[in-house]
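Breakdown of the fold
Take a look at the letters that make up each chain.
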Amino acid sequence: MLCFHVKCLAVIIVVFVHLLYVKTAQNLIQPDLIDKLQTGGFANIIVTFKIKTNDTIIRFAEESKSIANRVEKITKLSDELQKLATSTQKQVLDFINNERANINYCILWITNQLTIRSASLDLVNKIATFDDVSEIRETKILQGITLSTVSNASDYIRDLKPHPDFSSANSYAVLQVKAPDAWAQGYDGTGVTVGIIDSGVKLTHDCLYDSYAGIENNGWFDPERKSNSPRDDRGHGTTCLSLIVGQFGIGVAPGAKWMACLMFDSNLGWMEDYALQCLQFMICPTDHEGNKKDCSKAPRVINNSWYYTAGEDDSNMRMIIPIFEVLDIVLVFCIGNEGIPCGVAGAPANYKEFIGVGGTSYKGNYWTGSSSGPSRTDGSIKPDLVAPADCVLAANSIGDNEYDSTLGTSLSAPIVVGVIALMLQKNSRLTKDEIKEILYKSCDP
């Protein structure tokens, strides 16, 4: 009889421990993700691990003060972060690779996370049982901006006078930032490579083709399809890039080269996990399949015309701040098109560490569609700068030689990136903080 009671007690304890273990594992999974998966569907997920990248980056910042070579510095930190990710994620990765199903995943060493596409409830529950995992949530769909064509553009620009030395510079945006004056002094961005994270690029557009860094130089990455050549099914990236490097008087820095990464999912939209993969790619570019990394190809400045809407949880993206600070790579973001109510500036443009760009109208006033600060993240004044956002002449991806006048702060950010490219040609040793200071002091109040 005593044995019976002992056995019963043992069974009860085992059941209790099991239920407690299941509950603890499920606590790692965000409730909205569980709700979605319980309906029998699938979800794109981000798995976060307990060990963060901060300690590695802080230690590296101290140890690397004596490293003057930029490539050596980027390579060393990316290697350390990759080592951290592969070691802390080992158990989960071993489990995934042993599964019979063909699981589409990517290691995000930039944040020590793992992104998995089309994950099932069963897979999520199993991953939640690993001790190293701290959270599992669904990947967010970010706010990409739909550009609007200005049908009556001729009414705005009929009085525009081209630059006397550059008759082809017939874009008021290029003229407003006085880019032709820099060209006249021999500064057009030559020798500088800029990055853009967007919907892709129409490589064959006549104002962009000649300035492509090239696939042989790790100039393109497509997380969705691993395509070996730039593509742009949306058109947004083509338009934005043309304002940085576009020929024929369209871009601010027509002598610069470009590299690009696609963050747009053909079925879902602007994806947070693709954005992180792209930021990772820009730090240490790889070939189109994600192999053969070469940190010497990393751009100095990166355009980002996308954002989290005000009030949306952007805490995951804040994890990228330390790595870009220590590597001194300039990130430029559009502030968003949420209008002039205070505090609606989109993240990451509203981080004090990054340059957030708002928009101006053709007449030089603050464009009413442009989002405003202050930052809800850290209280900083935003936007940092403003640039043309209304009636801006740019490339249109519907054809290889098509152009349109469009509007949106998506256009403002790349104009600033173009200006930074001119500055870096003049002095390649400028730090991020020096670039920001020069920009502030050079702007009209």
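Residues numbered from 1 in each chain as written. Predicted model: local features only at pLDDT ≥ 70, side-chain atom pairs only at ≥ 80, totals over all residues. Heavy atoms only, no water.

**Considerations on the nonpolar core**
Applied cut-off: We call a set of buried Ala, Val, Leu, Ile, Met, Phe, Trp, Tyr and Cys residues a nonpolar core when their side-chain atoms join them within 4.5 Å. Buried, partly exposed and exposed residues are distinguished by accessible area as a fraction of the type maximum, computed with a 1.4 Å probe on protein chains only: under 20%, between the cut-offs, and over 50%, respectively. Numbering goes from the N terminus for both helices and strands, where a helix is a DSSP run of H or I of at least four residues and a strand is a run of E of at least two. Contacts between residues were defined by any pair of non-hydrogen atoms, one from each residue, lying within 4.5 Å.
Among the nonpolar cores identified, the biggest contains 101 residues, and Trp258, Ile283, Ile323, Phe324 and Ile420 are the most heavily contacted of them. With ten residues, helix H14 (residues 409–426) is the largest single contributor of residues to this core. Ignoring anything within four residues of it in the chain, the contact list for Ile420 reads Val301, Val330, Val332, Ile355, Ile435 and Leu439.

**Things to note about the UniProt feature "active site" (unreviewed entry) in the protein**
Going by this rule: UniProt positions are given in the numbering used here, feature names are shortened, and annotations may be inferred rather than shown by experiment.
In the numbering used here, UniProt assigns the feature "active site" (unreviewed entry) to Asp198, His236 and Ser410. For the annotated residues, spread through 213 residues, the largest C-alpha to C-alpha distance comes to 10.1 Å, consistent with a single compact locus. Looking at the secondary structure, you find Asp198 in strand E7 (residues 193–198). With respect to the helices, strands and loops of the structure, His236 is situated in helix H10 (residues 236–245).

**Some details on the pairing of strand E17 (residues 392–396)**
Here is the rule: Pairing between two strands requires that DSSP report at least two bridges joining them.
A large share of E17 lies buried, amounting to four of its five residues. Of the strand pairs in this sheet, E17 and strand E18 (residues 402–407) are connected by five bridges, and their pairing is antiparallel. Within E18, the position partnered with Asn396 by the bridge is Glu402. Count of turn residues in the E17/E18 antiparallel hairpin: five residues.

**Looking at the sheet that holds strand E1 (residues 43–49)**
In plain terms, the rule: For helices, the axis comes from a line fit to the C-alpha atoms of the stretch in contact; other axes are also lines fit to C-alpha atoms, and the angle between any two N-to-C directions lies between 0 and 180 degrees.
One open sheet holds the four strands; their spatial order is E2-E3-E1-E4, and the pairing between them is antiparallel. Of all the strands in the sheet, just strand E2 (104–108) and strand E4 (133–138) have a single pairing partner and so form its edges. When the angles between neighbouring strand axes are averaged without regard to direction, this sheet yields 20°. Here E2 runs beside strand E3 (residues 113–119); their pairing, made up of five bridges, is antiparallel. Paired with Leu108 across the bridge in E3 is Gln113. With respect to the sheet, helix H11 (residues 272–283) is in contact with E1, E2, E3 and E4, its orientation differing from that of E2 by roughly 50°.

**Things to note about a nonpolar patch on the surface**
Here is the rule we go by: Residues form patches when they are more than 30% accessible in relative terms and have no salt bridge. Like charges link within 9 Å. Nonpolar side chains (Val, Leu, Ile, Met, Phe, Trp, Tyr) link within 5 Å. The protein chains shown are the only cover counted for residues, whose accessible areas, like all others here, come from Shrake-Rupley with a 1.4 Å probe. Salt bridges, as used here, are contacts in which a Lys or Arg side-chain nitrogen is within 4 Å of a carboxyl oxygen on Asp or Glu.
The grouping of Ile340, Tyr366 and Val386 at the surface amounts to a nonpolar patch, some 260 Å² of accessible area in total. Tracing the backbone shows Val386 in strand E16 (residues 385–388). Val386 gets classed as partly exposed once you look at its relative accessible area, which sits at 40%.

**With respect to the sheet that holds strand E12 (residues 301–304)**
Strand order in the open sheet made by the seven strands is E8-E9-E7-E12-E14-E15-E16, with parallel pairing throughout. Looking along the sheet, the strands with just one partner apiece sit at the ends: strand E8 (220–221) and E16. As judged from the three bridges shared by strand E14 (residues 330–334) and strand E15 (residues 355–360), these two strands associate in the parallel manner. Of the residues in E15, the one forming a bridge with Phe333 is Gly356.

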